[in-house]
Each structure stands twice: as structure tokens, then as C-alpha cells.
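# Structural overview
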Amino acid sequence: MERPDGFGTGLKMSSILDRYAPAPAFDEFAEADGRPRPHYEALAATLAGISAADFRHRVTTVNGVLLQRGVTFTVYADARGTERILPFDLIPRIIDAAEWAHISRGVTQRVLALNAFLKDVYGEAKVLRDGIIPRTLVYSSEHYEREAIGVRPPHDTYIHVSGIDIIRDAQGEYLVLEDNVRTPSGISYVLENRDVLKRAFPRLFEQYDPLPVDDYPQRLRSALTAAAPPSVGDPTIAILTPGIYNSAYFEHTLLARRMGVELVEGSDLIVRDNIVYMKTTRGLQRVDVLYRRVDDDYIDPLYFRADSTLGVSGLFDAYRSGNVTLANAVGTGVADDKAIYPYVPALIRYYLGEEPVLHNVETFDCSDPAQRSHVLSNMRDLVVKRTGASGGYGMLIGSHSSADERAEFADAINANPRDFIAQPIITLSAHPTVVDDTIGPRHIDLRPFALLSGDTVDVPAAAFTRVALREGSLVVNSSQGGGSKDTWILAD
Amino acid sequence: MLSRVAESLYWMARNVERAEDLARLIDVTAMRAVDHADDAGDRWLSAYHIAGIDPPDDHGRSARSTALEAIVFNTDSRLSVAACVRIARQNAVGVRAELTTEVWECVNGLYLFVEAQSPRAVGPDGVSTFLRSIRDTAQAFGGLCDATLAHDDAWEFLRIGRSIERARMTSRVLREVRDDDGPHVWQLVLEACCATAPFARARSQSSDPAEALAFLALSPVFPRSLRFCARQVDRALHRLSGAPTGTFADASERASGRICASLDFAGQADLAREGTSAFADRIGAQIDELGASIVSSYFPRVPVR
């Protein structure tokens, strides 16, 4: 490629890339001098050859396909319960092999440490005796389940499926922003986005030949099969969904279909003599593994929330008796509590004797008086998060907040310091993204998924990139105006 | 398969079938009403009866547009075309994991298409095209179910739902026929059941209304006849239970067997004796009972151990 002077030179004048100006952040696409990074050169050349009108046409086509397919999510805050397609950005995010190897190593290490932590905290609790994590922090976590103490899942696997949220700071360093070890979602968008993008840019796709994503369901199935109670030879697996109104229902159906397993709701199951059965047209059929996408609180009204209609009475007894595997195990939420997060690097050192491959974002623990007072006097420069919340809810971005909002959070922090952490505002890396008729930089994150069986972690090359579509926004959650991108991970 | 899933498949298929049948009925009625303006009021009244929707006391300025509103677009009732499409899609959402992409996208596409329309958007001149699109998509749905799904238990429940609704629609169309109706009425009846060409082929010389009605009730080969549909249900039930044909394993098989027997051994003379309308009414009621017994046999809320 001849040396382009900016993006315009040597390329068609009407290109949608002409006016791309990198953001004041780490730009995934462009070097500091404005030239595309080596692994983005072919993409730049392709985009340069596409007119704005052609591009708009492709965008319309792709959105039509996604709506027709029903690749939608439900917005909870919206009273009408409307289904929307998750805005899909046509420009793929590309990760080269070396970067991915680094991410994958870091994720593997992190998941192993978090799983070891769960085994410990519901078992001998050595980590607490050794003073690695304050006891009160664990016991005060709303996701710490006393019922799970002493219950050992097969192969001590707690976190069968996890999604680790990763961002890049201004220097381009990959940092872990949060761990999701309960029921992380997003994989369906990865599968669908790839399918759709292949149609939109077949030639570009051939040029890059990214690692496939469509083997994810089979890999998940293998992990779930391996998780079955040891006495079961050929386990019956089912996905337990909260039902059609759940925001991730589409994903549940997609995984059930691709894995070839039943998708069940709580009312489809019944527990007799501590064994879980599905109600079928031919009578009751035993279930050995439940990939449950229902939170702990709702799985069994006898033990957890009595008002839950999503779960199954007796499910927890069946689980405790070892007659059914729940994936993920009951009680994993304590490991992704945001108040535990600052201690994860210490957990990695403690359990694995290794230095963390991926670092944390600097975090202030509001339950610590000194850190709390730092947070309260610097709220404008911090992101304050509720430790129990997820999905971009319950969060204050200091720089984008009003004095009233800050005062409200300050009161809440003083009332329940344990429920809050704060982090410096990190300018996430930016990526070219379709904005109206042109392409502009928008902030992105990355959620790789990890599948754990015993002590083997599988990190499929099926990672989810979310993009904050509003200019300058740092919140990528789908509930908060986020979209998604196809993520191309390159082979060695 | 899960009982809940079986039930959703059954209702999905029934509602798509109903949407298709009603769309055809309305289109045909509108066409015939143009040709025979003098009894157009009666034809629209029949359409309401067939749809099971109460006709309004006052038809307003246009019987046609009032009927379209009530039978096609009105989603306050569960019986209109738009409502059936919506219900079918809701059921499809609940069993999406069981469907192929093709089948799902077909139902979802039908839903998105119908939801995007209104009487105003369709306009008086666009009605026929609009109804035609619904029919085409609903028929494509049937084809995709047959061509892309495994013909296992799930498919049998689809077949049952489709056949029961079809039989019900044919019986309701026949029930509306009066002995003194003119030839244009039985032509309408044949068209509403998609039977004009099949009947003409089967009885090339006939223009006898009684023969046409007997064809719709008793033909062993015409896919919308009462007899054919009842046989489809009976076969599907026996495939589900594994019981040999001619025997019954539960109440629903007994009910379907009885209907089949009474249709297998009936002739045109029997229809004439009982009166087509009364005959159709009786069989229609038996089909409704059959539907109810299928629901209680296969979709119990709490299964017996």
C-alpha cells in the first residue's frame, strides 16, 4: 500500500472514510499518525471503495434481515415491552492473533482463580482465614448464598460459562472492567452478527478469514455434557429460560436450537424424589444438566424467593443431592460482586501463584473509610457503581452527571458504603462506527466468553464487541443505547 | 417433546390456518359481492357467521369496509385475521427453539407484515393484494413446515392443528349454505374452500350444487374436505400413540375414529336427507369436541406419572 496521507489519498474521494478523525482515545483502527494499523489496512481499502449510498443500502438490508430473524431484545424500562433489534454496526472490529492470545491467557487465568475462589468460599474458606479478602465483604454480598455452603458440584466446576468484560485504556492496554459469572449473555449476537456480516462483505471476509464463531454451541454443549452428574452416561441437557419476556430470550432459543436441546420454562419441570423431570407428551423425562438462565434468587421458591414463578419447587434439593447439575452453580454471584472485583488480582496470586495477565481498573472500595472520602470528594472524575447491579444500571458517570445526581449518590454511599465502588473514568478505546451517513469513532468494549470444565478453560474465538453509539458516550450496554459489532479474531 | 411446546405448535398451526382461510373467504366474498350486489348483504352476513364474529347492527356506509375492519383488522377480538397472526406468532416465540429458521422467519415475517398494515394503509384497492399476501405467506408456512421440519411428534401436532382448523372452516362454510341459494353461492363456497379446480377435475360435467357440497364434505382426496382433514388428524394421533389404526388408545383417538367412520360411510344421499347445513353443523360440533379432547389428552397442566 502506498503511503496515504490521511485516509483520503489514493482512495476514492466520495468514500465514507474520508472524514474519519480518530477520537481522543486509543483508536483501534488508526495509528497516532492517522494511518490504519496493519491489521486494518484491508478493511480501510474496502471501505474506501464503498460509496455512502451503497453503504447505506447495506445497512438497511442488514437491519431488515435482523428484524425478520427476530434478533431482538426487550427493553425493561420500556413499559410497552417493545422488542428492538440491537443496533448492529457494520464495521467489524478486528483483533490480531497476538492480542487475542494475550486476552485469552488473561481470561483463562481469571476464570480459574474465580472458580477456585468459589470452591473455597463455599468450602473451607481458607481465603478468608488467610485474610486475602475481608470476611465481611464476602458475607455481606447479596449474591453469597449460604444454602450453597458444602454443596460440591461435579468436578468442582462452578463457572461453566462466563463473560469477562475487557476495555482498553488510552495507552491501548487491555484491562478487565468486570467479571460476569452468573448468566452472561451476548453470544447470540456474536453468532448472528457474523452470519449477517458474511453476507454484507463476503469478499472482505475471505481476505481476513477470521476464526469461526459458529462452533460455540457445540463447545458449550461439550462443557455442559462434561458437567453432568458422574453417574450419568449420556446426559439430557436443557436450557432453563425465564420465558419470552426475558431480554435474552432470543439467545436462549438460539442456543437450544443450535445445541439440539430442549428449551424449558420453570412450569415445564417438576421435581419428584429429588429428580428433575420435563413434562413431555410422552410423560416425564429426566433432566441431568440445566443450563439455567434464571438467577439464583428465582430458581426455587422453596429456598429462595417464594414469589418466584420462574423456577421449580424442589430444584435446589435435586441439585444438592447431586441429581442435576446447574450451570452455572448456585452462588457464583459472589465472585462477580463488584466489591470483590478489586481483590481478583490477589485471588489470582493466591490460588494460582501467578501474576495477573490482565490488570484491573483502579478501584476504590467505599466500605473503606479512607477510600470512601476520596470518592466523595472526587465524584466528578469517577464512575460510581452499585456493587450488586449490572447491565449499565445503577451507575453514575461523574463527568456526565448533575450536582443533584452526585448528591443523591453521595447520600446513598454514606448510607450503605458496602454497596458502592468507584473507578476513574477510563476513556475506552474507540473504533470507526457508522454514524448517519459517515463514519466516526465510538467507544467499544469486549466480552470474551469462557467455558470451564474441571480445570480446563475453553475461550472460543467468539467474543462480543459492544459499542456506545452516542458520541462521546462511555456506556456500551444495550439497555443504554449501545450497539454491537462483529468481532474478527485473526488466526496466527 | 414438552407438552407446552406441543400445545404451542398446535395453536400456532391452527391460527395460521385460520388466518389463511379467513383471508381467502373475505377476498372471495368481496369479489362475489361485486358481481351480485343484490345479495351482497347476505354474503357478508355469512362471512361474519363463518368467522364466528358478531355482525354489527349497522353496516355503516359500506358493508365491505365494515366487514374488513371487523374480520381482518380488529385485534380486540381473538378471531380476526390480524389477531390470529398475532396469536400464531406469540406461540411461535414460545417454541422458537423447536422451529427451523425458515419456519420462524415465515411466521415472524407474516406478523411484521400484518402489524405494519391498517385499513387506511391498505386502501380499498389494495385489499385483495393484501389478503393475497397473507394467504401466500400462510401457505408458505405450511410448505416450510413440511419441507424443513423433521416429521416427528412436533410435526404431527402441527398437522393436527392445521387439519382441525381446516375441517372446522369447511364445516362452517357448508353450514351457511341454504337449499335455495343460487349457483353463484355454491361457486363462492367452492372458491372459499379453494375447491373450484379440484371439483371441476373430479366432476367435469357437473354443475349440481349438491354434488359440489358432497365433494367438500366427503372427498377422500381433496385436502380441505371434512373427510380428508379428519383422516389426517386420525393418522397423526395414531402415529403419536403408536396404537394401530382402527383402534383407539385414548378419548381423542376414539373421537377422531368416530368422525372418520361417519364420513367414510356417508354418501351424497345422506347429506341430502339430513340437509347439508345440519350435517356440517353436526360434524363441526364433533370436530370441536375432538379438539377439546386432544387438548386434555396431550397438553395437561400436570401430567400423570
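A quick note: this is a predicted structure, and the numbers were derived from the prediction, not measured. (Residues numbered from 1 in each chain as written. Chains lettered and ligands numbered in written order. Predicted model: local features only at pLDDT ≥ 70, side-chain atom pairs only at ≥ 80, totals over all residues. Heavy atoms only, no water.)

### Some thoughts on the overall build of chain A
- Looking only at helices and strands, chain A features 14 helices and 23 strands.
- Since a compact globule built from 492 residues should have a radius of gyration of about 23 Å, the 23 Å found for chain A is in line with a globular shape.
- Across its three principal directions, the C-alpha atoms of chain A cover 75 × 60 × 45 Å.
- Looking at chain A as a whole, 58% of its 492 residues are labelled buried.
- A fraction of 69% describes how many contacts in chain A between residues 6 or more apart in sequence connect residues 24 or more apart.
- Accessible surface for chain A amounts to roughly 19300 Å². Of this, 48% is attributable to carbon and sulfur atoms. (Helix = DSSP H or I, 4+ residues; strand = E, 2+ residues; numbered from the N terminus. Rg over C-alpha atoms; globule rule 2.2 N^0.38 Å. Buried < 20%, exposed > 50% of the residue type's maximum accessible area, 1.4 Å probe, protein only. Contact = heavy atoms within 4.5 Å. Areas by Shrake-Rupley, 256 points an atom, 1.4 Å probe, with all protein chains shown as cover.)

### Quick look at unusual backbone geometry
All names here are of chain A.
- Here the bond from Ala-327 into Asn-328 is cis, since omega is 0°, no more than 30 degrees from zero.
- Among the structural elements, Asn-328 can be located in the loop between β12 (325–327) and α12 (344–352).
- One non-glycine residue with positive phi stands out, namely His-155, at about 60°.
- Within the secondary structure, His-155 is located in the loop between α5 (135–139) and β4 (161–168).
- Located in the positive-phi region is Asp-209, a residue other than glycine, with phi close to 50°.

### Remarks on the nonpolar core
- Phe-117 and Tyr-216 of chain A together with Leu-9, Ile-71 and Ile-160 of chain B are the most contacted members of the largest nonpolar core, which totals 205 residues.
- The greatest single-element share of this core, amounting to 14 residues, is contributed by helix α1 (residues 3–35) of chain B.
- Other than its neighbours up to four places away in sequence, Leu-9 of chain B contacts Met-1, Val-95, Leu-99, Ala-154, Phe-157 and Leu-158 of chain B.
- Ile-103, Val-107, Ile-166 and Leu-358 of chain A belong to the second-largest nonpolar core, a separate cluster that totals 28 residues. (Core = buried A, V, L, I, M, F, W, Y, C linked by side-chain atoms within 4.5 Å.)

### Quick look at the domain arrangement of chain A
All names here are of chain A.
- Partitioning chain A into domains gives domain 1 (99–189 + 214–352) and domain 2 (362–424).
- Relative placement of domain 1 and domain 2: their C-alpha centres are 28 Å apart.
- Facing the 14 residues of domain 1 at the interface are twelve residues of domain 2.
- Buried area between domain 1 and domain 2, both sides added, is near 1000 Å², and the carbon and sulfur share of it is 48%.
- One can count one salt bridge joining domain 1 with domain 2. (Domains from an automatic or database assignment. Buried area = accessible area lost by both parts, 1.4 Å probe. Salt bridge = Lys/Arg side-chain N within 4 Å of Asp/Glu carboxyl O.)

### Observations concerning empty space enclosed by the protein
All names here are of chain B.
- Applying the stated criterion across every chain, the model contains five cavities of 30 Å³ or more.
- Put simply, the largest cavity is a space of about 100 Å³.
- For the largest cavity, the lining is made up of 13 residues, of which Arg-43, Ser-46, Glu-176, Leu-188 and Val-189 are closest to its centre.
- Among the elements that make up the lining of the largest cavity, the one with the highest residue count is helix α2 (residues 40–51) (four residues).
- When its residues are assigned to classes, the lining of the largest cavity shows eight nonpolar, two polar and three charged.
- The volume enclosed by the second largest cavity comes to roughly 60 Å³.
- Surrounding the second largest cavity, Asp-21, Arg-24, Leu-25, Arg-166, Met-169, Thr-170, Val-173, Ala-192, Cys-193 and Arg-224 form its lining.
- The set of elements that each furnish at least two residues to the lining of the second largest cavity consists of α1 and α8 (153–175).
- When residues of the lining of the second largest cavity are assigned to their parent elements, the largest contribution, four residues, is made by α8.
- Looking at the lining of the second largest cavity residue by residue, the classes come out as five nonpolar, one polar and four charged. (1 Å grid on protein atoms, 1.4 Å probe; cavity = no way out; pocket = protein on both sides within 12 Å on 5 of 7 lines; lining within 4 Å. Points joined across faces, edges and corners; volume = space filled by probe spheres on them. Nonpolar A, V, L, I, M, F, W, Y, C, P; charged D, E, K, R; others polar.)

### Let's talk about the confidence of the model for chain A
- Taken as a whole, chain A shows an average pLDDT of 90; of its residues, 94% reach a score of 70 or greater.
- Every residue in residues 1–13 of chain A is under pLDDT 50, and counting partners more than four places away or in other chains gives 18 contacts. (pLDDT = per-residue confidence, 0-100.)

### Observations regarding the sheet that holds strand β16 (residues 395–397) of chain A
All names here are of chain A.
- Spatially, four strands are ordered β14-β17-β15-β16 in an open sheet, and the strand pairing comes out antiparallel. Two strands bound the open sheet, and with one partner strand each, they are β14 (364–365) and β16.
- For β14 and strand β17 (residues 420–424), the ladder comprises two bridges, and the chain directions are antiparallel. Following the sheet pairing, Asp-365 is matched in β17 by Ile-421.
- In the packing of helix α14 (residues 403–415) onto the sheet, contacts are made with β15 (382–386), β16 and β17, and the angle to β16 comes to roughly 130°. (Pairing = 2+ DSSP bridges. Axes fitted to C-alpha atoms, helices over the stretch in contact; angles between N-to-C directions.)

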